Amino acid sequence: DYHSSPKIDLLLNKIFVVGENLSTVRDTSKILPANVKLTANAYGGTLAANLNLAPLEKIPTFDINAELKSLPLTYLNNFLKAYAKIDVQKGWFSVYMEAAAKDGLIKGYAKPFIKDLDVINDKERKGMPFKEQVIESLVEVAAWIFKDKKYDRLATNIKFEGSLMKPDISI
């Protein structure tokens, strides 16, 4: 987002992509004849995705599994400052996602996890405007309330389902 403040840069490196059976000839022996695999590093975390698809279908038909593991949240501080008006002192973010589409419908889920979250500390608090202190303190309290104490992490399961042609997304 070139218009955000602060500027947001997201870095992927060591990107490796392999695509197979991405041809113009129909393979009727399989429903999803093509495959694309992706791996990359994201600020020390790892990104992996496996996509099976029917590239010649007019309506998207695919099955995807993807995961982003162990991304240090401090590398996302510009993103968090721009959109949530907070920054973090430490923490790790992971997300796992699966989705499938057929006949114009999609169904899937995403499971985001946050571990070892620390939003505000005493050193940071000293020079911070009062409004920012309140916001970050509220985020810290909410994270503590919703944390799964058994596994010491924040986590949820977000399910989605609907039409690809006229999506109706509700939070």
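Residues numbered from 1 in each chain as written. Predicted model: local features only at pLDDT ≥ 70, side-chain atom pairs only at ≥ 80, totals over all residues. Heavy atoms only, no water.

A. Fine view of the layout of surface pockets. Considering only enclosed or pocket space, the second largest pocket measures out at about 280 Å³ in volume. Lining the second largest pocket are 13 residues, with Leu73, Leu76, Phe79, Leu80 and Ile114 positioned closest to its centre. Per-class residue counts for the lining of the second largest pocket are 13 nonpolar, no polar and no charged. (1 Å grid on protein atoms, 1.4 Å probe; cavity = no way out; pocket = protein on both sides within 12 Å on 5 of 7 lines; lining within 4 Å. Points joined across faces, edges and corners; volume = space filled by probe spheres on them. Nonpolar A, V, L, I, M, F, W, Y, C, P; charged D, E, K, R; others polar.)

B. Expanded view of the pairing of strand β6 (residues 105-118). Relative to β6, strand β5 (residues 90-102) runs antiparallel, the two being bridged by 12 bridges. Each residue of the ladder has a partner; that of Lys102, found in β6, is Leu105. Direction of pairing for β6 relative to strand β8 (residues 158-163): antiparallel, over a ladder of 6 bridges. Paired with Leu105 across the two strands is Ser163, which belongs to β8. For β6 and strand β7 (residues 153-155), the ladder comprises 3 bridges, and the chain directions are antiparallel. The residue bridging Phe113 from the neighbouring strand is Ala155, located in β7. (Pairing = 2+ DSSP bridges. Helix = DSSP H or I, 4+ residues; strand = E, 2+ residues; numbered from the N terminus.)

C. Structural detail: the environment of Ile114. With respect to the helices and strands, the residue Ile114 is situated in strand β6. By relative accessible area, which is 24% here, Ile114 ends up partly exposed. With 34 residues separating them in the primary sequence, Ile114 and Asp148 have C-alpha atoms 10 Å apart. (Buried < 20%, exposed > 50% of the residue type's maximum accessible area, 1.4 Å probe, protein only.)

Function cannot be inferred from these measures alone, as they are strictly geometric.
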